[in-house]
Amino acid sequence: MCSVVGYSGPRLCRQMILEGLSRLEYRGYDSSGFACINATSKLASVKTQGGIQQLNLKIATQEMGVSISSSGENNLDGTLAIGHTRWSTHGVSTDTNAHPHFDCHKSIAVVHNGIIENFVLLKEKLQLAGHHFVSQTDTEVVAHLFEDEIKTKSLEKAVLSVVTKLQGAYALLIISEKYPDYLIAVRKSSPLCLGVADKEIFVASDVTAFTDKTDQVVFLPDESFVLISGTDYHVYNYFGERIYPPVQKNTCIWLSEGKSGYEHYMLKEIYEQKRVIIDTVNFLRGNTAAVMQQLNISPETVQDIQNIHFIGCGTSWHAGLIGEYFMQEIAQVATQSFLASEFRYKKFFSYPRTLTIIISQSGETADSLEALRLLSASKQPTVALANVASSSMVREADGFLLTQAGQEIAVASTKAFTSQIAALYIFAHWVAHSKGLITNKAIARAHEELFVAGEILENSIERYKFDIVARIAPYYAKYKNFIFLGRHISFPFALEAALKLKEIAYIFVDCYPAGELKHGPLALIDAQTPVVLFSCLDEVIYKKLYGNAQEVKARSGHLIVFAFEHQKDLIALADTVFIFPKVNPLLAPLVMTGLVQFFVYQIALLLERPIDRPRNLAKSVTVE
Ligand code: M6R
């Protein structure tokens, strides 16, 4: 959830590190810091609560002030440096808890993404041995451990000795005055990669930090470390053996387009969804052979599949829950979705003839990645459905399917969700086709249905935009609690809509399958708690939902309904209603997606929330 960036080369690199960090701020943004070995071979550093903007301000203030010594000892730039943005796990966000962290003599600096699970024990031991700690973080133990180890051991042996003592997940960058020409990078579970250019080396949590500098990337294998000096780098495994991970060409280059005039990335990304659906369809139908190769599942395996499992977290889990209906209805395959954080700690059964699809925008989410590793270890076939081509999941799964959302910057997922739904819809048709259940014509029809859904998604925002901004959002922004209801395929969609309201507006939402109302939540219905009900196009389910809406109204509940144009009875019951044209019933969630996101966005805007970066959250959750 933090990001690390490092540099070794001939150039003064502070600016490059800060630029790299600001591209990775989506991973965490509550504090930041920088450390380098400067021209006098001294360790110089700066850190602060707040993101890169605050760090730049602090640097500017320091440089204007008297704190810069005339000897140049404190000069805050160098050709070997590390930087960090933090998303707090241990210790609140303060200047002291910001990274880098130091040893007792402030001659070693460490930045870290991950969690050192046994830090309490290590800290106690180190304190007993006389080490002085200043922060509440888990990371500081690494600096003190390293301090002890490099007193007597070679650099390589010192790193090996430190990693044998650490439990947990970590991507670490370390610099020290004792080895002023060396940048050390260590990886266990948390992502870390090198950017190898002609005369310089970058190291970062994500290639985005250096995509404008080089397209040559080395993804460090799990449980490895690298000693970088100038442009030389030696990679070792945890047995101390030299290893040679391949240098790969990074083809996934997303250059930031900025907000393109929108007030927030989230709004821009909401409006990109129609385009994302078109891109997904065109990509999948235009590159079928290549995509099939990437999926790496033979037609025979597909024909033989008995179960499909989806695994994901948050929005990606919701996409899987919706995908269940696609797989069952279209491909007639028994399908189940699992929350990665639950799956990995449940008793593990290895299912025969089962394909597991790990769904993830980032491809780095710790729980999903660990679930994937668990499956790989027991030789279960896996596919990563991910948006980031260079991600760990894409590299580690047996096959992959790339969604075509482009870079999603806002923490709240919008277009990534849409692209997952579109890809799953097409995937279900492919499976059905391989099993001889549908013809090519049906696949072509599915593409058309998705285009139509994209059109409706966007048009419905346009249709209600002014009303939402002027009247509807101001009215609902004053409520403290909401209940969201769905049924059948609209239930996972209600979960996703509820997550958006909680995440960006900080409003409490309880979300239920509507059929569960009378088993408890009906007691919550009153005029102070609006009920948002997402309709379905299946006639049987619609009738049930209409019954649930009547139950709400009969208890003086306030009803907001997302309904389809022929559902007159339900529409008549609603206090506020959003109406959509009829589509294929399986695509009902997709057409409602844009409008509900826009509605929630407007409420968050009125409540003056930091929409693109909600409190306590980060875009990529690379810790458990
Ligand atoms: O990158 P992933 O799709 O694996 O991320 C999973 C969740 O952390 C993510 O979907 C999260 O729930 C979103 N911020 C919700 O908008």
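Position numbers for residues count from 1 along each chain, tracking the sequence in the order it is written. Reporting in this predicted model follows two pLDDT cut-offs: at least 70 for local features of residues, and 80 or more for side-chain atom pairs to be given and counted; totals over whole chains, interfaces and linings ignore these cut-offs and use all residues. The side-chain figures draw on all heavy atoms in the structure; neither hydrogens nor water molecules are used.

Account for the packing of aromatic side chains, with residues named and values stated.
Aromatic contacts are taken between Phe, Tyr and Trp rings whose centres are within 6.5 Å, Trp giving its six-membered ring; a plane angle under 30 degrees counts as stacked, one over 60 as edge-to-face, and the others as tilted. Tallying each qualifying case throughout the model produces 24 aromatic pairs. Taken together, a centroid distance of 5.1 Å and an interplanar angle of 90° make the contact between Tyr464 and Phe578 edge-to-face. A residue pair is termed long-range when its members are at least 10 positions apart, and Tyr464 in helix H15 (residues 440–476) and Phe578 in strand S25 (residues 576–580) qualify at 114 residues. We call a residue buried when its accessible area falls under 20% of the maximum for its residue type, exposed when it is over 50%, and partly exposed in between, using a 1.4 Å probe and counting protein chains only. In this structure Phe578 comes out as buried when scored by relative accessible area, which is 0%. Judged by centre distance (5.3 Å) and plane angle (85°), the ring pair of Phe493 and Phe534 falls under edge-to-face. Within this pair, whereas Phe493 is found in helix H16 (residues 490–505), its partner Phe534 is found in strand S23 (residues 531–534), the two being separated by 41 residues in sequence. Secondary structure counts use DSSP, requiring at least four H or I residues in a row for a helix and at least two E residues in a row for a strand, with both numbered from the N terminus.

How would you sum up the packing of helix H1 (residues 14–23) against helix H2 (residues 52–64)? Please name residues and give values.
What counts as an axis is a line fitted to C-alpha atoms, over the stretch in contact for a helix, and the angles between N-to-C directions run from 0 to 180 degrees. Put simply, H1 and H2 touch, their axes get as near as 10 Å, and they point 155° apart. Relative to H2, H1 is oriented roughly antiparallel. Listed contacts from H2 to Arg14, Leu18, Leu21 and Ser22 of H1 are Ile52, Leu55, Asn56, Ile59 and Glu63. As a working rule, the residues Ala, Val, Leu, Ile, Met, Phe, Trp, Tyr, Cys and Pro are called nonpolar, Asp, Glu, Lys and Arg charged, and the rest polar, with Gly in that last group. Looking at the contact of H1 with H2 residue by residue, the classes come out as five nonpolar, two polar and two charged. Angle categories are assigned with fixed cut-offs, so that under 35 degrees is roughly parallel, over 145 is roughly antiparallel, 65 to 115 is roughly perpendicular, and the rest are oblique. Only heavy atoms enter the contact rule, under which two residues are in contact if any of them lie within 4.5 Å.

Tell me what's going on with the domain arrangement of the protein, and back it up with residues and numbers.
Domain assignment breaks the protein into domain 1 (3–249) and domain 2 (265–606). The interface of domain 1 with domain 2 comprises nine residues on the first partner and 10 residues on the second. By convention, the term buried area covers the 1.4 Å-probe accessible surface removed from two parts as they join, with the contributions of both added. Counting the surface lost from both domain 1 and domain 2, the interface buries some 700 Å², and carbon and sulfur atoms represent 50% of this. In what follows, salt bridge is the name for a side-chain nitrogen of Lys or Arg lying within 4 Å of a carboxyl oxygen of Asp or Glu. Counting every contact that joins domain 1 to domain 2 gives zero salt bridges. In the analysis that follows, any N or O atom pair within 3.5 Å is treated as a polar contact, provided that within protein one partner can donate a hydrogen and the other can accept it, and provided that, for residues neighboring in sequence, both atoms belong to side chains. Scanning the region where domain 1 abuts domain 2 turns up zero residue pairs in polar contact (both at pLDDT 80 or more). For the side of domain 1 that touches domain 2, the residue count by class is five nonpolar, two polar and two charged. Delimitation of the domains relies on an automatic or database domain assignment.

So what about the pattern of salt bridges? Which residues, and what values?
Inspection of every chain in the model, using the stated rule, returns 23 salt bridges. The residue Arg373 makes a salt bridge to Glu370 at a minimum N-O spacing of 2.9 Å. One end of the pair, Arg373, and the other, Glu370, are both in helix H12 (residues 366–377), three residues apart, so they sit about a helical turn from each other. Sharing partners across several salt bridges, the network here consists of Glu19, Arg23, Asp212 and Lys213.

Tell me about the site of the ligand, and name the residues and values.
Near the ligand you find 15 residues, and of these Ser316, Ser360, Gln361, Ser362 and Thr365 are the closest. Within the backbone of Gln361, one N or O atom sits 2.7 Å away from an oxygen atom of the ligand. Between the ligand and Thr365, the relevant distance is 2.4 Å, taken from an oxygen atom to a side-chain nitrogen or oxygen of the residue. Computed with a 1.4 Å probe, the accessible areas rest on the Shrake-Rupley method; for each residue, only the protein chains presented here act as cover. Notes on the ligand: free accessible area 410 Å², of which the protein chains cover 90%. Secondary-structure elements contributing two or more residues to the shell around the ligand are helix H10 (314–330) and H16. Residues are labelled near a given molecule or strand when at least one of their non-hydrogen atoms is within 4 Å of it.

Explain the sheet that holds strand S20 (residues 399–402) residue by residue, including any values.
What makes two strands pair is DSSP finding at least two bridges between them. The strand order S17-S16-S18-S19-S20 describes an open sheet built from five strands, whose pairing is parallel. Only two strands of the sheet have a single partner each, and these edge strands are strand S17 (334–339) and S20. Between one strand axis and the next, the sheet turns by 20° as a mean value, whatever way the strands run. Bridge analysis of strand S19 (residues 382–386) against S20 gives four bridges, and the strand direction is parallel. Looking across to S20, one finds that Ala384 is bridged to Phe400. Contacting S19 and S20, helix H8 (residues 288–295) crosses the sheet at an angle of about 135° to S20. Together, strand S16 (307–312), S17 and strand S18 (354–360) form the strand contacts of H10, whose direction differs from that of S17 by roughly 175°.

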